[in-house]
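Each chain is listed here by its residues.
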Amino acid sequence: MQSEISTDEAEVDPSADQLLASCAAGDRAAFQKVYRMFSATAYGLALRVLRDEELAQDALQEAFTQVWTEASRFDPVRASAKAWIMTIVHRRAVDRVRREEADRRRGQVWGAGQIETPHDSVAEIVELNAEHRRVRSALAALSPIQRQALDLAYTRGMTQTQIAQQLDIPLGTAKTRLRDALQRLRQEMEVTA
Amino acid sequence: MTNQEIDPTTDPHDLVTGYLLDALDQHELQRFTDHLGDCDYCQQAIADLSETVADLAGTSRVVPPQSVEDKLMASLFGDEVPAPSTSADTTAAVEQGESVGEIIQLDSRRRWVWPAAAAAAFVLLAGLVTTMGLNQSNNEAQLLADGQAQLVLDLAASPDAQSMKMNLAEGEATVVVSAATNQAGVLATDLPAPPTGQKYHVWTIKDDGSVTSAGSFAPDSDGSAALILQTQLADATGFAVTVDDPSLTQPTSAPIAAVNF
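Residues numbered from 1 in each chain as written. Chains lettered and ligands numbered in written order. Predicted model: local features only at pLDDT ≥ 70, side-chain atom pairs only at ≥ 80, totals over all residues. Heavy atoms only, no water.

Next up on the list: the overall build of chain A. For chain A, the count of helices and strands is 9 helices and 0 strands. Secondary structure elements in chain A, listed N-terminal to C-terminal, are α-α-α-α-α-α-α-α-α. Across the 193 residues that make up chain A, the buried fraction comes to 52%. Accessible area for chain A stands at about 8400 Å²; split by element, carbon and sulfur atoms hold 48% of it. (Helix = DSSP H or I, 4+ residues; strand = E, 2+ residues; numbered from the N terminus. Buried < 20%, exposed > 50% of the residue type's maximum accessible area, 1.4 Å probe, protein only. Areas by Shrake-Rupley, 256 points an atom, 1.4 Å probe, with all protein chains shown as cover.)

Here it is as structure tokens:
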């Protein structure tokens, strides 16, 4: 996998790997460094999912608490430090958005058509960022329905079952659409890497 | 919330994408994690695709308020906050100092008295601070036709770089500050063109309240602009932007945006 990561990132990651190893050994300064290295990406992700600063900050704190307590589980062979950390952040944010969604919906009936069609926020976030532009152009290569499915899952925190209901498609179709979207995205990212 | 019956005959292998995207409900997640330990195929699929998912995360960097780091460190380590692992004191000063996003406190000693109408312009980023990209590929770097933009992006890649978003009525501007390199820059997008003969003028606000010009810029046809600021950071407390004659040495109009650090 390392060969697919851009050169810049490959230069960053070994030290991030070492820092996580130091965290596992109880090095607090290393943890602070890891936090400063990844907190902006993590917070940006949490904000995208949660759309609320306070909730996103809570999720960020929870996620980095988990990074500290579970640093020994990081395996640089299996994932980059960034991927490992962002997986934790995303899961925390999605857990939270689902709790909030459940609270908000309490008393309502979940069903297709009751939720306004979300805009394509994965693709719409604009930033003057070369890495982001690479992701954007890869996202642009997806079909609109693939992008929509990816957005509902990754940014909206919906389950595959919810996506199927929202889009009024069979669950199997939703799964296939997400799988194809992610595969296509990977291919596109490799082309532009 | 799910009213789906769990179908035990569903092939757990096709839950791998949902797992990667956190799009499984609790029952599916349990079923998949039970399966994952014994399945080389799914482990390989996760290894192959997890970096792609991580790329999705990297599309929006927003620097969280310092209070999050403080709370995190206090909750994990008690009051004993670890010393910054970078040695530069200036780095620590920026990172541990006043939180960005505060409303600038106007000191009566300051010589530049801001017009009352400008006060709203000071209400900055309620914690929303954006950093620019750190990982440009070479191809992308070539796309940055403006050398200033590349310089600012390089600056943003400094380990101690702090970026602060400015609130503008139209467009977006981000100030990047690196105490270690004593450099600052500004990147802006979607700016409206200034009136003829005028430019966007950036001013350094010093700790004694005085103001000096840090340079001026005009956006390109897309409204994008980048500028390395001519400034000394040591005694700077913030930056302000006006739209005025670039030859001015003191501002004559209210700032359209300001940032304090």
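All told, the structure shown has 3 cavities of 30 Å³ or more when counted by the stated rule. Counted as a void, the second largest cavity has a volume near 50 Å³. Every residue along the wall of the second largest cavity is listed here: A83, M86, T87, H90 and Y154 of chain A together with L20, D22, S50, V53 and A54 of chain B. Those elements that place two or more of their residues in the lining of the second largest cavity are α4 (81-105) of chain A together with α3 (40-57) of chain B. Among the elements that take part in the lining of the second largest cavity, α4 of chain A stands out by supplying 4 residues, more than any other. Across the lining of the second largest cavity, the residue classes tally to 6 nonpolar, 3 polar and 1 charged. (1 Å grid on protein atoms, 1.4 Å probe; cavity = no way out; pocket = protein on both sides within 12 Å on 5 of 7 lines; lining within 4 Å. Points joined across faces, edges and corners; volume = space filled by probe spheres on them. Nonpolar A, V, L, I, M, F, W, Y, C, P; charged D, E, K, R; others polar.)

Our focus in this paragraph is the packing of aromatic side chains. The tally for this structure, following the rule as stated, stands at 8 aromatic pairs over all chains. Relative to F32 of chain B, the ring of Y19 of chain B lies with its centre 4.8 Å away and its plane at 35°, an arrangement referred to as tilted. In this pair, Y19 of chain B is assigned in helix α1 (residues 16-20) and F32 of chain B in helix α2 (residues 26-36), connecting sequence segments 13 residues apart. In terms of burial, Y19 of chain B and F32 of chain B fall into one category: buried. Ring centres of Y200 of chain B and F217 of chain B lie 5.5 Å apart, and the angle between their planes is 10°; on these two criteria the pair is classed as stacked. Of this pair, Y200 of chain B sits in strand β6 (residues 199-206) while F217 of chain B sits in strand β7 (residues 211-217), and the two are 17 residues apart along the sequence. We note that Y200 of chain B, like F217 of chain B, is buried. Members of the aromatic cluster, joined through ring pairs, are F31, Y35, F64 and W68 of chain A together with F77 of chain B. The side chain of R91 of chain A reaches across the aromatic face of Y19 of chain B, ending 5.2 Å from its centre. (Phe/Tyr/Trp six-rings, centres within 6.5 Å; stacked < 30°, edge-to-face > 60°. Lys NZ or Arg CZ within 6 Å of the ring centre and 35° of its normal.)

Turning our eyes to something else, we now look at the environment of N182 of chain B. Residue and element names in this part refer to chain B. Mapped onto the fold, N182 is located in the loop between β4 (172-178) and β5 (183-189). Between the C-alpha atom of N182 and that of A234, which follows or precedes it by 52 residues, the distance is 7.5 Å. Here the side chain of N182 touches L233 through a polar contact of 2.9 Å, landing on its backbone nitrogen. (Polar contact = N/O pair within 3.5 Å; in protein donor to acceptor, adjacent residues only side chain to side chain.)

Our focus in this paragraph is the confidence of the model for chain A. Residue and element names in this part refer to chain A. Model confidence for chain A is summarised by a mean pLDDT of 81, while 78% of its residues fall at 70 or above. Of the regions scoring below 50 in pLDDT, residues 1-14 engages in 25 contacts with residues more than four places distant in sequence or in other chains. pLDDT under 50 marks residues 107-128. Its contacts with residues more than four places away, or in other chains, come to 56 contacts. (pLDDT = per-residue confidence, 0-100. Contact = heavy atoms within 4.5 Å.)

Take the sheet that holds strand β9 (residues 236-244) of chain B next. All names here are of chain B. Ordered in space as β7-β6-β9-β10, the 4 strands form an open sheet in which the pairing is antiparallel. The open sheet is flanked by β7 and β10 (257-260), the only strands paired with a single partner. For this sheet the average axis-to-axis angle between neighbouring strands, irrespective of direction, equals 20°. Looking at chain direction, β6 and β7 are connected through 6 bridges and run antiparallel. Within the sheet, the bridge partner assigned to V202 lies in β7 and is G215. (Pairing = 2+ DSSP bridges. Axes fitted to C-alpha atoms, helices over the stretch in contact; angles between N-to-C directions.)

Another aspect to go through is the sheet that holds β4 of chain B. Across a sheet, paired strands are connected by hydrogen bonds in the backbone, their directions being either parallel or antiparallel. Residue and element names in this part refer to chain B. Taking strand neighbours across the sheet as the criterion, the 4 strands line up as β3-β4-β5-β8 in an open arrangement whose pairing is antiparallel. Both edges of this open sheet fall to β3 (162-166) and β8 (225-228), since each of them pairs with a single strand only. On average, each strand axis in the sheet is tilted by 15° relative to the strand beside it, whichever way the strands run. Summarising the sheet, β4 and β5 pair through 7 bridges and their orientation is antiparallel. Residue pairing across strands places V175 opposite V186, the latter belonging to β5.

Residue and element names in this part refer to chain A. Evaluation of the coordinates by the stated rule reveals 10 salt bridges over all chains. The salt bridge partner of R92 is E62, with a shortest N-O separation of 3.5 Å. Here R92 is found in helix α4, whereas its partner E62 is found in helix α3 (residues 53-69), with 30 residues between them in sequence. Accessibility expressed as a relative area gives 27% for R92, which makes it partly exposed. (Salt bridge = Lys/Arg side-chain N within 4 Å of Asp/Glu carboxyl O.)

So, on to the state of the cysteines. A full pass over the atoms with the stated rule returns 0 disulfides over all chains. Take C42 of chain B: it sits in no disulfide, and the sulfur closest to it among the cysteines is that of C39 of chain B, at 3.7 Å. (Disulfide = S-S within 2.5 Å.)

Our next topic: the pairing of β8 of chain B. Residue and element names in this part refer to chain B. Burial along β8 is two-sided: the residues A225 and L227 and A226 and I228 are all buried. Across 4 bridges, the pairing between β5 and β8 is antiparallel. Directly across from V186, in β8, lies its bridge partner L227.

Turning next to the packing of α2 of chain B against α3 of chain B. When two helices pack together, their arrangement is given by the angle between the helix axes and by the axis-to-axis distance. All names here are of chain B. Between α2 and α3, whose axes approach to 8 Å, the crossing angle comes to 105°. For the element pair α2 / α3, the angle class is roughly perpendicular. Every residue of α3 that contacts α2 at F32, H35 and L36 is listed here: C42, Q43 and I46. Among the residues making up the contact of α2 with α3, the classes are represented as 4 nonpolar, 2 polar and no charged. (Parallel < 35°, antiparallel > 145°, perpendicular 65-115°, else oblique.)

Although it is not a glycine, R51 of chain A sits at a positive phi angle of roughly 55°. Mapped onto the elements, R51 of chain A comes out in the loop between α2 (28-50) and α3. Classification of R51 of chain A as partly exposed rests on a relative accessible area of 46%. The phi torsion at D22 of chain B lies on the positive side, around 55°, for a residue other than glycine. Mapped onto the elements, D22 of chain B comes out in the loop between α1 and α2. A relative accessible area of 9% places D22 of chain B in the buried class.

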